[in-house]
Amino acid sequence: MGVLPVPAEVRAILLDIEGTTTPIAFVQEILFPYIKDNVKKFLYAHWEEEECQRDIRLLRKQAQEDSNLDGAVPIPLESRSGEEELERVIQAVVDNVHWQMSLDRKTTALKQLQGHMWRTAYATGHIKGEIFKDVVPAIRKWRAAGMKVYIYSSGSIEAQKLLFGYSTEGDILELFDGHFDTKIGSKVESESYRRIAASIGCATNNILFLTDVPREANAAEEADTHVAVVTRPGNAGLTDDEKSYYSLISSFTELFLPSST
């Protein structure tokens, strides 16, 4: 580690969030526990709203697809009215959400509900998105050098925008040229990076992807995307082979742009 030159053909920097722009502890100790602790209360408060019902339908569809998995929790239809019936269905949704989260599932259905819950938490000031101190100055420098900057996270685009819109650094959404989530594809599948490149109108080798997860780095590399693995405090450790194979940075300040000379 030290200074990592950015290849001259790179025109866009694609950023992961958890462990890259934002401490893993923020996600694991604040965002996820908020969902677990508040999902039942949130469902009762918003059950009659169309947005909430769309979330339930998506979760129910996902539950049907998961029916062959160990421990999967089905979500029944409401077959009759009444408080007991509502309690039965809501408890099934709560149990399904807790089950998915216990397995660290990245389903669009789960992420969509989480995003809507976090929107309430951010808007009411219960949560502020935590950003590493080197992130904003570095991105401003990259943009001044002509780089485009994008986010690619397993969290929904709405959840991403909430984190950066209500962050410890203020509203920094203006720093990003676009956002991608699992709707474009899984982060551990190389085709996702080809789709992102096509979406932003460049070749895959015009992109530098920063992530803390070697499996994601490997998928991006398979698509001919440039990669650097970010080693932040609290991130999972790397094997000796991973340390020797990947370009590593511990701070965004370690990226050196040729155009900034």
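Calculation notes
Residues numbered from 1 in each chain as written. Predicted model: local features only at pLDDT ≥ 70, side-chain atom pairs only at ≥ 80, totals over all residues. Heavy atoms only, no water. Pairing = 2+ DSSP bridges. Helix = DSSP H or I, 4+ residues; strand = E, 2+ residues; numbered from the N terminus. Buried < 20%, exposed > 50% of the residue type's maximum accessible area, 1.4 Å probe, protein only. Arc of directions from axis to C-beta. Contact = heavy atoms within 4.5 Å. Domains from an automatic or database assignment. Buried area = accessible area lost by both parts, 1.4 Å probe. Salt bridge = Lys/Arg side-chain N within 4 Å of Asp/Glu carboxyl O. Polar contact = N/O pair within 3.5 Å; in protein donor to acceptor, adjacent residues only side chain to side chain. Nonpolar A, V, L, I, M, F, W, Y, C, P; charged D, E, K, R; others polar.

Visitor: Can you walk me through the sheet that holds strand β3 (residues 148-152) in this structure?
Guide: What holds strands together in a sheet is hydrogen bonding between their backbones, with the strands either parallel or antiparallel. Taken in spatial order, the 6 strands make up an open sheet running β4-β3-β2-β5-β6-β7, and their pairing is parallel. Pairing within the sheet leaves two strands with one partner each, and these edge strands are β4 (178-180) and β7 (248-249).

Visitor: Where do I start with helix α7 (residues 190-200) in this structure?
Guide: Every α-helix winds through 3.6 residues per turn, so residues three or four apart in the chain are directed the same way. Taken residue by residue, α7 has Ser190, Ser192, Tyr193, Ile196 and Ala197 as its buried positions. Down the axis of α7, the sector holding all buried residues measures 155°, keeping them to one side. Contacts from the buried residues of α7 go to β2 (12-15), β3, β4, β5 (207-211) and α8 (214-222). Two residues or fewer past α7, Gly201 is found with a positive phi of approximately 80°.

Visitor: For this particular structure, what's the right way to read the domain arrangement of the chain?
Guide: Segmenting the chain into domains produces domain 1 (4-22 + 129-256) and domain 2 (28-124). Distance between the C-alpha centres of domain 1 and domain 2: 29 Å. Taken together, the contacts link 12 residues of domain 1 with 10 residues of domain 2. Summed over both partners, the interface of domain 1 with domain 2 comes to about 1,000 Å²; 59% of that surface belongs to carbon and sulfur atoms. Across the contact surface, domain 1 and domain 2 share 1 salt bridge. One salt bridge in this structure joins Glu158 and Arg119, with 3.1 Å as the shortest N-O distance. Applying the counting criterion to the domain 1 and domain 2 interface returns 4 residue pairs in polar contact (both at pLDDT 80 or more). The class makeup of the residues in the side of domain 1 that touches domain 2 is 4 nonpolar, 5 polar and 3 charged.

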